[in-house]
Amino acid sequence: MTREPGSGGGPDGRAVLLAAGLADLAVSTVGSGLGLLRGLLRRSDAAELASDAERDLEARGRLALDRYVSPPPAHLELLARHVVARRASDGG
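Computed from a prediction, not measured in an experiment: that's the story for all the values here. (Residues numbered from 1 in each chain as written. Predicted model: local features only at pLDDT ≥ 70, side-chain atom pairs only at ≥ 80, totals over all residues. Heavy atoms only, no water.)

Draft legend 1. Here's a closer look at the overall build of the protein chain. The helix and strand tally for the protein chain stands at four helices and zero strands. For the protein chain, the succession of helices and strands along the chain, N to C, is α-α-α-α. Residues classed as buried in the protein chain amount to 13% of the 92 residues present. Of the contacts formed within the protein chain by residues at least 6 apart in sequence, a portion of 86% connects residues at least 24 apart. (Helix = DSSP H or I, 4+ residues; strand = E, 2+ residues; numbered from the N terminus. Buried < 20%, exposed > 50% of the residue type's maximum accessible area, 1.4 Å probe, protein only. Contact = heavy atoms within 4.5 Å.)

Draft legend 2. Spatial organisation of the pattern of salt bridges. This model, assessed by the stated rule, comprises seven salt bridges. The residue Arg14 makes a salt bridge to Glu58 at a minimum N-O spacing of 3.2 Å. One end of the pair, Arg14, is in helix H1 (residues 10-28); the other, Glu58, is in helix H3 (residues 46-68), and 44 residues separate them in sequence. One salt bridge connects Asp24 with Arg67, and the closest N-O pair in it is separated by 3.0 Å. In this pair, Asp24 is assigned in helix H1 and Arg67 in helix H3, connecting sequence segments 43 residues apart. Classification of Arg67 as partly exposed rests on a relative accessible area of 49%. Sharing partners across several salt bridges, the network here consists of Arg14, Glu54, Glu58 and Arg62. (Salt bridge = Lys/Arg side-chain N within 4 Å of Asp/Glu carboxyl O.)

Draft legend 3. Expanded view of the side chain of Glu58. Residue class for Glu58 comes out buried when judged on its relative accessible area of 10%. At 3.2 Å, the side chain of Glu58 and the side chain of Arg14 are in polar contact. (Polar contact = N/O pair within 3.5 Å; in protein donor to acceptor, adjacent residues only side chain to side chain.)

Draft legend 4. Here's a closer look at H1. Along its 19 residues, H1 runs 27 Å from first to last C-alpha, staying within 8% of the 27 Å computed at 1.5 Å per residue. Looking at H1, one finds that the buried residues are Gly13, Leu17, Ala20, Gly21 and Asp24. One side of H1 carries all its buried residues, which in axial view fall inside an arc of 100°. Along H1, the residues that are exposed and aim more than 90 degrees away from the buried face are Pro11 and Asp12. (Expected span 1.5 Å × (residues − 1). Arc of directions from axis to C-beta.)

Laid out in structure tokens, this is it:
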């Protein structure tokens, strides 16, 4: 499920990546203080900070999905398994 940066796979793909990133972030940083949030809200570059956070969440979601979703088997591996199964069913 590894993809190039910027290839979110459309709006649905980006939504999945953002949700997975947000879930991973929530699990890993439960209990972060409200003082940090108040300080961030007072910043003058809040829009840029939100944009950076969105990119970070998308990247984190991509990493989380890569960690928990196993990649499909290689094409040649599938062909080899098919040949072995056919030889076994043919009797040798």
